[in-house]
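Geometric and topological summary
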Amino acid sequence: MRRKTFIQQGSLLASGMLISPVLLNKKKNATSKKIMASFTPYVLSTWNVPRANEIAGAALDRGINALEAAVSGVAFEESNLLNTTVGNGGAPDRDGEVTLDACVMNHKGDCGAVLAVQNITHVAALAKDVMEKTPHVILAGEGAKKFALSQGYTPEDLLSPQSKKAWKKWLEKGNYQPEINVENHDTIGMLCSDQNGHLSGVCTTSGLAYKMKGRVGDSPIIGSGLFIDNNIGGAVATGLGEEVIKTVGSFLIVELMRQGKSPQEACEEAIGRIIEKQSGKPDFHVAYIATNKKGEIGSYSIHQGFSYSFYKKNINQNIISKSIY
Ligand code: SD4
């Protein structure tokens, strides 16, 4: 387990489980003071992404809202050329083109998504822009890129030398096999709870390595790769997207929590729904993380090897998930 603690100058807001009324919101011409409770923020992310988690957590501790914090956290990995499953440097499709998928969902139930976008690194921010600046929820392919350029995003060649080399090697055999194992995934799903106790989430990925051109997985599909209901909780998925889509995994988890299951129980049942359709041990991987409004968290995966990152009160941890096999 990797555990990293970092110290920040005593932020009153970041200390304490639930600091009862500390934020005084003075309104113009108002004689009474509006009192708001401040909740301890936290960040829950798929995989071992300490820096992304820290960035989002520190933003939340400064009072940034959950969605802004999540988008800023995942942006670090989207720019990280060494991460071959997210953003710039992500593994390409069979034709050698990097196409990215992302979605966001906030505490109001608003959402935005971009599918199969080329040449734009920060697709989580782009999904947020779709949500906030268009009347739509989803933009795909060329249309998403055109929108990004209209918003001032800089076009980039996303095929890093490292990813190009790996793709060329794959081409030597060129077997199309939708296999997700520990080496070829790291989709970042991030759930943030802010000082108002509002939940938001983000999911960003380059998808399945060497996928068919035009293939889109679960990650940008609201309800599959990500779902938030601010009254109940949130969930996010990683792994073989086809299996997550078939069971509408993240929505399922939130609905199970609505029925009274803990985040852990809900993740386990959602994995169970995938497994019950298989004969024997599947060779693909799926994992979920979830949180509820009480601040409880859970995670479950099909195979060993999945871990999640959890930040709260300046403590950033990487925790090994429970799994069926
Ligand atoms: C997909 N779910 O495109 C993504 C891949 C993934 O970690 O999660 N990788 O199917």
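Refer to the structure presented above.
We now turn to the structure provided with this report. (Residues numbered from 1 in each chain as written. Predicted model: local features only at pLDDT ≥ 70, side-chain atom pairs only at ≥ 80, totals over all residues. Heavy atoms only, no water.)

**Overview of the overall build of the chain**
The helix and strand inventory of the chain stands at 8 helices and 15 strands. The 325 residues of the chain split such that 56% are buried. The long-range share in the chain, meaning contacts at least 24 apart out of those at least 6 apart in sequence, stands at 64%. Accessible surface, the chain as shown: approximately 14400 Å² in total, 52% of it carbon and sulfur. (Helix = DSSP H or I, 4+ residues; strand = E, 2+ residues; numbered from the N terminus. Buried < 20%, exposed > 50% of the residue type's maximum accessible area, 1.4 Å probe, protein only. Contact = heavy atoms within 4.5 Å. Areas by Shrake-Rupley, 256 points an atom, 1.4 Å probe, with all protein chains shown as cover.)

**Focus on the nonpolar core**
Counting residues in hydrophobic clusters, the biggest one holds 44 residues, and the most contacted among them are Leu-226, Ile-253, Val-286 and Tyr-288. In terms of residue count, the dominant contributor to this core is helix 8 (residues 263-275) (6 residues). Residues in contact with Leu-226, not counting those within four places in the same chain, are Cys-103, Val-104, Met-105, Leu-191, Gly-201, Val-202, Cys-203, Ile-221, Ala-235, Val-236 and Ser-250. Leu-60, Val-71, Val-123 and Leu-159 belong to the second-largest nonpolar core, a separate cluster that totals 39 residues. (Core = buried A, V, L, I, M, F, W, Y, C linked by side-chain atoms within 4.5 Å.)

**Observations regarding the sheet that holds strand 11 (residues 233-239)**
Judged by pairing direction, the sheet is antiparallel, and its 4 strands sit side by side in the order 10-11-12-13 without closing on themselves. Bordering the open sheet on either side are strand 10 (226-229) and strand 13 (297-301), each of which pairs with just one other strand. The average angle at which neighbouring strand axes cross in this sheet is 10 degrees, direction not considered. Strand contacts of helix 7 (residues 249-258): strand 10, strand 11 and strand 12 (286-292), with the helix running at about 145 degrees to strand 11, the strand carrying the most contacts. (Pairing = 2+ DSSP bridges. Axes fitted to C-alpha atoms, helices over the stretch in contact; angles between N-to-C directions.)

**What about the packing of aromatic side chains?**
Counted under the stated rule, the structure contains 4 aromatic pairs. Between Phe-227 and Phe-251, the aromatic rings sit 4.9 Å apart at their centres with planes inclined by 85 degrees, giving edge-to-face as the arrangement. One end of the pair, Phe-227, is in strand 10; the other, Phe-251, is in helix 7, with 24 residues separating them in the sequence. With relative accessibility at 14%, the residue Phe-227 sits in the buried group. The exposure class of Phe-251 is partly exposed, given its relative accessible area of 35%. (Phe/Tyr/Trp six-rings, centres within 6.5 Å; stacked < 30°, edge-to-face > 60°.)

**A closer look at the side chain of Ser-307**
With respect to the secondary-structure elements, Ser-307 resides in strand 14 (residues 307-312). Side chain to side chain, Ser-307 and Asn-318 meet in a polar contact 3.1 Å long. Residue contacts for Ser-307: discarding those within four places in its chain leaves Thr-46, Trp-47, Asn-48, Asn-318, Ile-319, Ile-320 and Ser-321. (Polar contact = N/O pair within 3.5 Å; in protein donor to acceptor, adjacent residues only side chain to side chain.)

**Some points on the packing of helix 2 (residues 66-79) against helix 3 (residues 123-133)**
The angle between the axes and the distance between the axes are what describe a pair of packed helices. Helix 3 packs onto helix 2 with a crossing angle of 145 degrees between their chain directions and a minimal axis gap of 8 Å. Note on element contacts: helix 3 touches helix 2 through Val-123, Ala-124, Ala-125, Lys-128 and Met-131, opposite Leu-67, Glu-68, Val-71, Val-74 and Glu-78. The class makeup of the residues in the contact of helix 2 with helix 3 is 7 nonpolar, no polar and 3 charged. (Nonpolar A, V, L, I, M, F, W, Y, C, P; charged D, E, K, R; others polar.)

**Quick look at the environment of Leu-81**
The topology assignment puts Leu-81 in the loop between helix 2 and strand 5 (100-105). In this structure, the C-alpha to C-alpha distance between Leu-81 and Ser-163, residues 82 residues apart in sequence, is 8.9 Å. In this structure Leu-81 touches Asn-88, Gly-89, Ser-160 and Gln-162, once residues within four positions along its chain are discounted.

**Digging into helix 3**
Note on helix geometry: an α-helix contains 3.6 residues per turn, so any two residues three or four positions apart are oriented the same way. With 9 of 11 residues buried, helix 3 lies mostly within the body of the structure. For helix 3, the full list of buried residues reads Val-123, Ala-124, Ala-125, Leu-126, Ala-127, Lys-128, Asp-129, Val-130 and Met-131.

**Re the environment of Pro-41**
Summarising the element assignment, Pro-41 is placed in the loop between strand 3 (34-39) and strand 4 (42-46). On the basis of relative accessible area, Pro-41 is assigned to the buried category, the value being 1%. Beyond its immediate stretch of four places on either side in the chain, Pro-41 contacts Leu-60, Asp-61, Ser-193, Asp-194, Gln-195, Tyr-311, Lys-312 and Lys-313.

**Some remarks on the pattern of salt bridges**
A complete count under the given rule lists 12 salt bridges for this structure. Across the salt bridge formed by Glu-132 and Lys-128, the nearest N and O atoms sit 3.3 Å from each other. A residue pair is termed a helical-turn pair when its members lie 3 or 4 positions apart in one helix, as Glu-132 and Lys-128 do in helix 3 at 4 residues. Residue class for Lys-128 comes out buried when judged on its relative accessible area of 11%. Taking the shortest distance from any N to any O, the salt bridge between Asp-129 and Lys-133 comes out at 3.2 Å. One end of the pair, Asp-129, and the other, Lys-133, are both in helix 3, 4 residues apart, so they sit about a helical turn from each other. What emerges from the salt-bridge pattern is a single network uniting Glu-68, Lys-128 and Glu-132. (Salt bridge = Lys/Arg side-chain N within 4 Å of Asp/Glu carboxyl O.)

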